[in-house]
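# Descriptive analysis of the structure
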Amino acid sequence: MKSLMLMFVFLMFLPVNAFRPTLLGNLNLIERTCRQTPFYDICIWSLKSSPESRNANLKKLAQIMVDSLKTRATETLYLIEELLHDGLALDPAMKKALTSCIERYNVIIKGDVHEINEAFKTGNYKFAEKGSNDAAMEANSCEIEFPAKSPLTDMNKVVHDVSVVAASIVKIMQTKFSVM
Amino acid sequence: MKIYVVFVICFFFLLFGNGRVQSLSMEQQPYRTAYHFQPPKNWMNDPNGPMYYKGVYHLFYQYNPYAAVWGNITWAHSISYDLVNWIHHDNALSPDDPFDINGCWSGSTTFLSGEKPVILYTGSDIMNRQVQNLAEPKNLSDPLLREWVKSSHNPLMTPVDGIDPKFFRDPTTAWQGPDGLWRVLVGNQMDGHGWGLLYRSRDFVTWTRSKEPLHSSTRTGMWECPDFYPVSIDGKDGVDTSSLDESTKHVLKASFNDSDHYVLGNYMPVTDNFSVDTDFLENGSDLRYDYGKFYASKTFFDIDKKRRILWGWIQESDSTTDGIEKGWSGLQSIPRSILLSRTGKQLIQWPVEEIEKQRTGNVSFENKELKGGSVFEVSGITASQADVEVSFDLSNLKEAELMDPSSVDPQLLCSQKTASVRGNVGPFGILAFASKDLTEQTVIFFRVFRSNDQYVVLMCSDQSGSSLREGLKKETYGAFIDVDPLHEKISLRSLIDHSIVESFGGEGKACITARVYPKLAIDNQTHLYAFNNGTFDVNISTLNAWSMKKAEIVSSTKRRKPHHY
């Protein structure tokens, strides 16, 4: 009886965390990972807003980031196409920049994201890092096409930052794969 | 007659009036190289299975037959009689079997007894595991070895017993021990650390993994493209991979962190024990083949000329969009001959002598004083397609600034102190891919510092001002060279070829390769300068520059076209 009482008291004083190892443990992984990326906020937001991040390991977190990249890039592409179809309102410089951005975003989605996913599938992760870094460069190249004010600044920045974070996580993944 | 003149004038007006001539040269591919190995189009990465067989040099390489991005990876195949001019043949290995359906990845060739070459390569299999496979020539009497047959025993090595199936690739050339067993290394990552897995076999089909890796490192992640080979201590010739000669040291090389690193050590063939002199990234030591863009490299023994030759993949520094527009991506370095330095502490590399056949139109200077703050043009050569060798003689060494190199990252130092930052002794060197107005320049230069009673020489390759174009990676690379300017001249050789410059400092003690994509300094608008932005004068002991002839790198199908007389 005494031992039962002791056990009960012992259990009462155990931290709550011990009973929720998966959730809080993984929040720790997300925190630790995002802290090592250049854009902590967008990293945390992108990962935490995905239900798949709950029990995810590092590789899965990288995949979530890449999926987010694809989504944001696709949204941006739709916006660019819409803007181009407002043909009457466009001056030639704006039209030229938007056309160039369409090419860049097609490359991000069909080139870079495709390469990244192939790399994840087969395990040649440095190509995932390369593809992510390139996506950031493409988004930036689109942004600087505009001689005056860019209608895509916010979206280009999101795509750029998400890509950089993805590359960052892939880099961490390559050096700490089995440990995390 | 008058009508004829009018006609000619109109023709020229048409040609130049609306800028037609300008746009033609832009379309043509200003970044394609003239004497570096590259396929006619599409994506290339790692060099694979290089070898010399029956008078022919072979190079295989990772290739995408369909696009200028990585994917659908096959082993493409080219041959040469001189390592400079090449003929592309049909692909040697395609990803069409369950054991390589997701890619015929990198690997090596080994000569079995009876001079029979075989290929060991990594397949990305139907379950997305990495496995090692064997392929043999279909017809040994074809000196071009155009066709290869995959072994019915494939896969020979699979990721079992705790091997991560995503970190198991790039088998080396095998070597034979005194017990007659073949040994091979496979790149691996175990618990986050780089490993060189060792396998042994008697018949080259059944392989047994050694309990211990040949070597491993806690300071690195995955080892890609490992290489393991002996070098002669007297440093005169290359040595066969299986050589058990005692007057050799062994080199272990691995690709990681975007560059190729090596360590030197002593190998005991009986016990397969490899003890390194200084380990990877130990005590600040970081020996690399090249301190710039150079990855996934591989050596082979050229039995004809007794040389150990190195190939390296030189990736693009532009964007995927650029690659798709160009229609191609990836180069190989000029093959380099490898020897152990006289100090025994590092390797020396030098472009194979055959490349010198491409030299033409020599421009030469001797004993030319370069005053502090001066620039002079090396004219009379095609500056976008050139070979330049220069040696500098320094007399004001005592004026060099103090610096303690032990805690300095040379690459960081080169980016912080670019060539526009005046020093005492240096910066001096060359401006490659320079535009006439110098708004574009790729600066390859030296700085000399004093540390205690010694001198420290820093070599930099700075691409930050190489192009007015945006959307490029314009990096700066740097390395310290083990050269004593008190007793020797500081030498530089740069091989310049449209979008690549391979620089060799100190007769091959430090190599830096860089990719550039100028906007203005292309084709005949490219200039080459020598410069000195130091406070003190520098003497150019000798400078030799040549235009380089275009190499013949063609597809075999072209040669099948009948002649019309």
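Once a new chain begins, its residue numbering starts again from 1 and follows that chain's sequence as written. Labels are handed out in written order, letters beginning with A for the chains and numbers beginning with 1 for the ligands. Restriction of local features to residues with pLDDT of at least 70 applies here, the model being predicted, together with a cutoff of 80 or more for giving and counting side-chain atom pairs; totals for whole chains, interfaces and linings are based on all residues. To get the side-chain values, all heavy atoms of the structure are used, and hydrogens and water are removed first.

What follows is about the confidence of the model for chain A. Values of pLDDT, which run from 0 to 100, indicate the predictor's confidence residue by residue. Overall, the prediction assigns chain A a mean pLDDT of 88, with 84% of residues at 70 or greater. Residue contacts are counted whenever heavy atoms from the two residues lie within 4.5 Å of one another. Below pLDDT 50 for its whole length, residues 16–22 of chain A participates in six contacts with residues either more than four positions away or in separate chains.

Here we take up the packing of aromatic side chains. Working definition: an aromatic ring pair is given by the centre-to-centre distance plus the angle between the planes. Centres within 6.5 Å are what make two rings of Phe, Tyr or Trp a pair, Trp counting through its six-membered ring; a difference in plane orientation under 30 degrees is then read as stacked, over 60 as edge-to-face, and the rest as tilted. Evaluated as defined, the whole model comprises 35 aromatic pairs over all chains. Ring plane angle 85 degrees and centroid distance 5.7 Å describe the contact between B:Phe60 and B:Trp148, whose orientation is recorded as edge-to-face. Residue B:Phe60 is located in strand S2 (residues 56–64), and its partner B:Trp148 is located in strand S8 (residues 148–150); the two are separated by 88 residues in the primary sequence. Categorising residues by exposure relies on relative accessible area from a 1.4 Å probe, with only protein chains included: less than 20% of the type maximum marks a residue as buried, more than 50% marks it as exposed, and the intermediate range marks it as partly exposed. Overall, the relative accessible area of 9% leaves B:Trp148 in the buried class. A connected cluster of aromatic rings, assembled from ring pairs, spans A:Phe127, B:Trp43, B:Trp70, B:Trp105 and B:Trp313. We count a charge as sitting over a ring when the NZ of a lysine or the CZ of an arginine lies within 6 Å of the ring centre and within 35 degrees of the ring normal. The ring centre of B:Trp328 lies 4.3 Å from the NZ or CZ of B:Lys326, which sits over that ring. Under the DSSP-based scheme used, a helix requires at least four consecutive residues in state H or I and a strand at least two consecutive residues in state E, with every element numbered from the N terminus.

Residue and element names in this part refer to chain B. Without a salt bridge and with relative accessible area above 30%, a residue can belong to a patch; like charges are then joined within 9 Å and nonpolar side chains (Val, Leu, Ile, Met, Phe, Trp, Tyr) within 5 Å. Each accessible area is a Shrake-Rupley estimate made with a 1.4 Å probe; only the visible protein chains count as cover when residues are assessed. When a carboxyl oxygen of Asp or Glu is within 4 Å of a side-chain nitrogen of Lys or Arg, the pair counts as a salt bridge. The grouping of Ile101, Ile126 and Met127 at the surface amounts to a nonpolar patch, some 310 Å² of accessible area in total. Within the secondary structure, Ile126 sits in the loop between strand S6 (116–124) and strand S7 (130–137). With a relative accessible area of 57%, Ile126 lands in the exposed category.

Any two cysteine sulfur atoms lying within 2.5 Å of each other are counted as a disulfide. Applying the stated criterion to the full structure yields three disulfides over all chains. Put simply, A:Cys101 and A:Cys142 are joined by a disulfide, and their sulfur atoms are 2.1 Å apart. Taking the torsion about the sulfur-sulfur bond, which here is approximately 100 degrees, the covalent link between A:Cys101 and A:Cys142 counts as right-handed. Separated by 41 residues along the polypeptide, A:Cys101 in helix H5 (residues 92–122) and A:Cys142 in helix H6 (residues 126–143) bring together distant segments of the chain. No difference in accessibility class separates A:Cys101 from A:Cys142, as the two residues are buried. The disulfide bridge from B:Cys414 ends at B:Cys460, spanning 2.0 Å between sulfur atoms. Because the torsion about its S-S bond is -80 degrees, the bridge between B:Cys414 and B:Cys460 counts as left-handed. Placement of B:Cys414 in helix H4 (residues 410–416) and of B:Cys460 in strand S31 (residues 454–462) is noted, with a sequence separation of 46 residues between them. Here B:Cys414 and B:Cys460 have matching classes, each one buried.

This brings us to unusual backbone geometry. Residues and elements named next belong to chain B. Backbone torsion omega between Asn154 and Pro155 reads -5 degrees, so that peptide bond is classified as cis. Structurally, the position occupied by Pro155 is in the loop between S8 and strand S9 (168–169). That bond from Gly426 to Pro427 is cis: its omega, 10 degrees, falls within 30 degrees of zero. Tracing the backbone shows Pro427 in the loop between H4 and strand S29 (428–434).

Contacts between the two partners involve 32 residues from chain B and, on the opposite side, 28 residues from chain A. Between chain B and chain A, the buried area comes to about 2,400 Å², and carbon and sulfur atoms account for 56% of it. When two parts are put together, the accessible area they lose, computed with a 1.4 Å probe and summed over both, is reported as buried area. It is B:Trp70, B:Thr320 and B:Thr321 in chain B that bury the most area against chain A; as a group they hold 25% of the surface buried on that side. Inspection of the chain B/chain A interface yields one salt bridge. For B:Glu224, the salt bridge goes to A:Lys126, with nearest N and O atoms at 2.9 Å. Two N or O atoms form a polar contact when they lie within 3.5 Å of each other; inside protein one atom must be a possible hydrogen donor and the other a possible acceptor, and for residues adjacent in sequence the pair counts only when both atoms belong to side chains. Where chain B meets chain A, there are 11 residue pairs in polar contact (both at pLDDT 80 or more). Contributing elements (two or more residues each) for the side of chain B that touches chain A: strand S1 (42–53) and helix H3 (320–326) of chain B. The element that contributes the greatest number of residues to the side of chain B that touches chain A is H3(B), accounting for four residues. Three classes are used, and their members are as follows: Ala, Val, Leu, Ile, Met, Phe, Trp, Tyr, Cys and Pro are nonpolar, Asp, Glu, Lys and Arg are charged, and the others, Gly among them, are polar. Broken down by class, the residue content of the side of chain B that touches chain A amounts to nine nonpolar, 13 polar and 10 charged.

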